Amino acid sequence: MVVSDHPATVTPVSSPAALASVAVGRPVRGEFTYVVPETLSGRLAPGQRVLVPFGRGTALGFFLGPASPPAEEGVNLKPIHRVLEESPSLPTDLIALLRFAAEHYRYPLGEVIRGALPPGLSKAEDEKEARPDVQHFAVALVAEPPPELRRAPAQAAAFAYLLAVGGRAPLDEVAHAIPGAREMLKKLATRGLVRLEEQVLKPGVREGLAQGRPELLTPEQDVAVKSLQASLDAGGFQTVLLHGVTGSGKTEVYLRAVEHALSQGKGSLVLVPEIALTPQLVGRFRSRFGSDVAVLHSGLKDRERLFHWQALRKGTVRIAVGVRSAIWAPVENLGLVVVDEEHDPSFKQEDKLRYNARDMAVVRGKQAGALVLLGSATPALESLENVRKGRYRLLEMKHRVDDRPMPTIELVDLRVERPRDGGPVTEEAPILSPPMLEAMRETVEKGQQVILFLNRRGHSTFLLCEVCGLTLKCSDCDVCLTLHRSASRVMCHYCGLATPVPERCRECTGPLLKLGIGTERVEAEVAERLPQARVARLDRDSATSAERVTELLAAFARREIDVLVGTQMVAKGHDFPGVTLVCVVMADTSLAIPDFRAAERTFHLLTQVAGRAGRGKDPGRVLVQTYNPDSEPVKRVLAHDFEGFALQELEWRRALAYPPFTRLAAIRLEGEHPEQTASVARMLGEFLSRRMPPPSVGVRLLGPALAPIARLRGRTRWQLLLKGPTHAALAPLLARLEMKLEDVPSGVKVTIDVDPGAML
DNA sequence: AGCACGCCGACT
DNA sequence: GTCGGCGTGCTC
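The model shown is predicted, which means the values in this text are computed figures rather than measured ones. (Residues numbered from 1 in each chain as written. Chains lettered and ligands numbered in written order. Predicted model: local features only at pLDDT ≥ 70, side-chain atom pairs only at ≥ 80, totals over all residues. Heavy atoms only, no water.)

Overview of the overall build of chain A
For clarity, the threshold we go by: Strands here are runs of E lasting at least two residues and helices are runs of H or I lasting at least four, both read from the DSSP assignment and numbered beginning at the N terminus. We take the radius of gyration over the C-alpha atoms and set the globule estimate at 2.2 Å times the residue count to the 0.38 power. The buried label applies to any residue whose accessible area, calculated with a 1.4 Å probe on protein chains only, is under 20% of its type's maximum; exposed applies above 50%, and partly exposed to all values in between. In what follows, a contact means two residues having at least one pair of non-hydrogen atoms within 4.5 Å.
Across its full length, chain A carries 19 helices and 30 strands. Over its C-alpha trace chain A gives a radius of gyration of 27 Å, about what one expects of a compact globule, namely 27 Å for 760 residues. Summarising its shape, the C-alpha atoms of chain A cover approximately 90 × 65 × 50 Å along the three principal directions. Counting only residues that meet the buried cut, chain A has 56% of its 760 residues in that class. Expressed as a percentage of contacts within chain A between residues at least 6 apart in sequence, the contacts between residues at least 24 apart total 76%.

Right, here's the structure in full:
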């Protein structure tokens, strides 16, 4: 392909008073107008970073295009100081996307742009070439970890990671994932297990396509790939929803689509929920496309981030694989955007610019004229509705690769199958029912592996006073404290506060009962009931960092662990052929959450975790323990009935006027003083209700009401919810609200959350 | 975000 | 009598 050198899209400026629209990298709303000095006339291109006088001092700004004189009189227009680089940092399709995001999510454009740029470019400095001309690589020389590494767990972990990502990876990247990996890999090199290579990165020089490309596709994969190739050949924007059951080989379809885009000289952007949980997927991209891939994970150092940004911007690297924020990656000549596990809640950013990367992917595809491919085994209801409306095209893959059967899913009704009979509910009351224990025992005896899923970390999820019935709560938040026995602490999962375990009730000094089950306790119970099994736990507590996650997953993949107990972290897209049994310890936990998406989340989670079973040659089995066997998500998961669940849930959403049939915007308030916060909430509520469009438009205001978690970090929380038939129906109201926010006293923080993810 | 301006307590 | 607390307000 021709590497673009960004011919400057020069804006013709006619002297004397050419004006420029600039987004200032400060949390101020709107675009600012500056005078283009004669020295710069003809040298400005949209997307360039500029220095502008702002207030007292100087600020970083982004030139967006010519401006017309501001409407108000008496504004003293100042001149742009200077341009920070010749070739614009932002490609034009990104400018359009960022403008859309700022407008849609009601966030200052300058901040949106600054947040999208790598740290090296978001400060008011001249662009520096972050060009580590040589990059160090480690290459595995054997395909299996040799037994002599048993005695060197640190080296084994580094080696396992290297194998997991395809046998060849930049040293930097391994070192990010596993601390001390740099030294470990050097030791491994002296043992002759690893070769260290230096690679000089030159623009335009690439490795050929590497190995690992299966020749045979399943018939369904073949249909999907051909169809996507045809769409790419036809060119232009289109969104395709790839609905493929777990284990149907969606990743290979992504790879082929990316390959095809590459053959057309086009770049690709691939979004995944979490890099740490998907080393296998990253490895496949790396081994297929070599150094044509930039992997954008959360742990990149500033220099590395800048390096990748520049390589993508120049077109020397044409594929970006990354998490949510990679949606802003400056992929040149974008032909394809893939969003893997498009239903995943982690694509929604929950602070600052509250964007949804999946939705932005569709917008970006539209602006760049690219194909957008959304993939999932359990598509979001929003996406299904978009298919029904004809906005997205649907591709389905209903069978697993190699004709492997879907796992059988069985119910264990906890109301009937009491784990151990009767007695008072104490902390010793077991949670693993006889059938579940039996299945686990059998599986482990056969040398196969088990995943135990429970969506709650800690040991006991609440402490209840046996005498006065009070539960132990966080002093700063309106939630119960969780007992973490391994840390000998009670912890607040919302504010992070950890304190020693109280012996007795604070109020009446009565004894405390440890109730509610968490992963820590399940792990202990497995260890006790199946002493022969090697048990490990994977949750946010055991996996203190991304590296520990990788390590644990690698150990599980090497079959050094028989039973893996964990939270959602075990449910994501892993591919462990040894896993033949998946146990859901309690399907009910996510049902009780006061959120209109609770059922959908539960269904997604259960389906995803069930999908971990039977991915190898042996068939899989799933056991689901629940107190609510009649709940819709549980019943439908049991029957492998995604369509049925979706239909039912969509009907319910329509009846209650929730997305995807309406659009929402949440207005969240947070303040030190309960009365002040409440009064601001009422004030905003009145403001909005006085400005509601006529009832025929169908916009409704819910609240103000105390948030489900009414107090967090000592702050009182309120919320209001706007519902409308379309986003366009809500937008004017949100714009007016935003103006009104100027009148809110500084003691209360108000944020607007457009298309909110969760209602908490 | 900065960085002012602007009205009320402990110091030379 | 000043020096300075950080509460509100503006930045083309």
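Focus: the packing of aromatic side chains
The following threshold applies: In summary, the pairing rule links any two rings of Phe, Tyr or Trp, Trp by its six-membered ring, whose centres are within 6.5 Å, and it sorts them by plane angle into stacked for under 30 degrees, edge-to-face for over 60 and tilted for everything else. Any Lys NZ or Arg CZ that is within 6 Å of a ring centre and within 35 degrees of that ring's normal is treated as a charge sitting over the ring.
The full count for this structure, using the stated rule, is 8 aromatic pairs. On the basis of an interplanar angle of 50 degrees and a centroid distance of 5.7 Å, the ring pair of Phe 603 and Phe 642 is categorised as tilted. Of this pair, Phe 603 sits in helix α15 (residues 598–610) while Phe 642 sits in helix α17 (residues 642–655), and the two are 39 residues apart along the sequence. Among the aromatic residues, those joined into a ring-pair cluster are Phe 596, Trp 652 and Tyr 658. Over the face of the ring belonging to Phe 687 we find Arg 691, whose NZ or CZ atom lies 3.8 Å from the ring centre.

Some remarks on the nonpolar core
Burial of nonpolar side chains together is a common tendency in soluble globular proteins. Spelled out, the test is: What makes a nonpolar core is a set of buried Ala, Val, Leu, Ile, Met, Phe, Trp, Tyr and Cys residues whose side-chain atoms join them at distances within 4.5 Å.
Grouped together as the largest cluster of nonpolar side chains are 117 residues, with contacts concentrated most on Leu 269, Trp 328 and Leu 669. Each residue touching Leu 269, except ones within four places of it in the same chain, is listed here: Ala 320, Ala 326, Ile 327, Ala 329, Val 331, Leu 334, Leu 336, Val 337, Val 338 and Arg 364. Counting residues in hydrophobic clusters, the runner-up holds 32 residues, among them Leu 217, Val 272, Phe 285 and Val 293.

Considering the side chain of Asn 386
Within the secondary structure layout, Asn 386 lies in helix α11 (residues 381–388). Excluding its chain neighbours within four sequence positions, the residues that come into contact with Asn 386 are Arg 391 and Tyr 392.

So, helix α2 (residues 109–116)
Counting buried positions along α2 gives 6 out of 8 residues, so the element sits mostly inside the fold. Turning to α2, its buried residues number three or more, namely Leu 109, Gly 110, Glu 111, Val 112, Ile 113 and Ala 116. Structurally, α2 contributes buried residues whose contacts are with β1 (19–24), β4 (57–66), α1 (92–104) and α9 (302–314).

Remarks on the protein's contact with DNA strand B
Going by this rule: When at least one non-hydrogen atom of a residue lies within 4 Å of a molecule or strand, that residue is treated as near it. Three categories are distinguished: nonpolar for Ala, Val, Leu, Ile, Met, Phe, Trp, Tyr, Cys and Pro, charged for Asp, Glu, Lys and Arg, and polar for the others, with Gly belonging to the last.
If you check the shell around DNA strand B, you find Arg 26, Pro 27, Val 28 and Arg 56 and nothing else. What you see for DNA strand B is that sugar and phosphate hold 56% of its atoms within 4 Å of the protein. Tallied by class, the residues present in the surface near DNA strand B amount to 2 nonpolar, no polar and 2 charged.

Here we look at helix α19 (residues 727–740)
Counting along an α-helix, one turn takes 3.6 residues, and residues three or four places apart therefore face a common direction. What counts here: One fewer than the residue count of a helix, multiplied by 1.5 Å, yields its expected span.
A rise of 1.5 Å per residue sets the reference length of α19, with its 14 residues, at 20 Å; its end C-alpha atoms lie 20 Å apart and thus fit the reference within 8%. Taken together, the buried positions of α19 are His 727, Ala 729, Leu 730, Ala 731, Leu 733, Leu 734, Leu 737 and Glu 738. Buried residues along α19 sit in contact with α1, β27 (663–671), α18 (674–690), β29 (715–724) and β30 (748–754).

Looking at the sheet that holds β27
Note the threshold: The criterion for strand pairing is that DSSP finds at least two bridges linking the strands in question. Only the contacting stretch of a helix is used when fitting its axis, a line to C-alpha atoms as for every element, and angles between N-to-C directions run 0 to 180 degrees.
As summarised here, the arrangement of the 4 strands in space is β28-β29-β27-β30, forming an open sheet in which the pairing is antiparallel. Looking at the sheet topology across the chains shown, the edges are occupied by β28 (700–712) and β30. Averaged over neighbouring strand pairs, the angle between their axes works out to 20 degrees when direction is ignored. This element, α18, spans β27, β28, β29 and β30 of the sheet and lies at about 15 degrees to β29.

Digging into the sheet that holds β4
Here we have 5 strands laid out as an open sheet, ordered β2-β1-β4-β3-β5, and antiparallel in their pairing. Edge strands, defined here as strands with exactly one partner in the open sheet, are β2 (32–35) and β5 (82–83). Across 4 bridges, β1 lies against β2 in antiparallel orientation. Within the sheet, the bridge partner assigned to Val 22 lies in β2 and is Phe 32.

Things to note about the environment of Gln 229
Mapped onto the elements of the fold, Gln 229 is located in helix α6 (residues 219–234). For Gln 229, a relative accessible area of 24% puts it in the partly exposed group. Along the primary structure Gln 229 and Gly 74 are separated by 155 residues, whereas in three dimensions their C-alpha atoms are 57 Å apart.

Structural notes on the pairing of strand β13 (residues 334–340)
Under the convention used in this document: Look down the strands so they point away from you; if the path from the first strand over the helix to the second goes clockwise, the crossover is right-handed.
Extensive coverage of β13 is indicated by the burial of 7 of its 7 residues. Here 5 bridges tie strand β10 (residues 267–271) to β13, and the two strands are oriented parallel to one another. When the bridges of β13 are listed, Leu 269 appears paired with Val 337. In terms of handedness, the path from β13 via helix α10 (residues 357–368) over to strand β14 (residues 371–376) forms a crossover that is right-handed.

Some thoughts on the pattern of salt bridges
We apply this condition: Just to be clear on terms, a salt bridge is a Lys or Arg side-chain nitrogen sitting within 4 Å of an Asp or Glu carboxyl oxygen.
Counted by the stated rule, this structure contains 49 salt bridges. For Asp 478, the salt bridge is made with Lys 473, and the minimal N-O distance between the two is 3.1 Å. Note on Asp 478: relative accessible area 32%, which makes it partly exposed. The partly exposed category is assigned to Lys 473, whose relative accessible area is 35%. Connected through shared salt-bridge partners, Glu 252, Arg 256, Glu 259, Arg 284 and Arg 288 make up one network.

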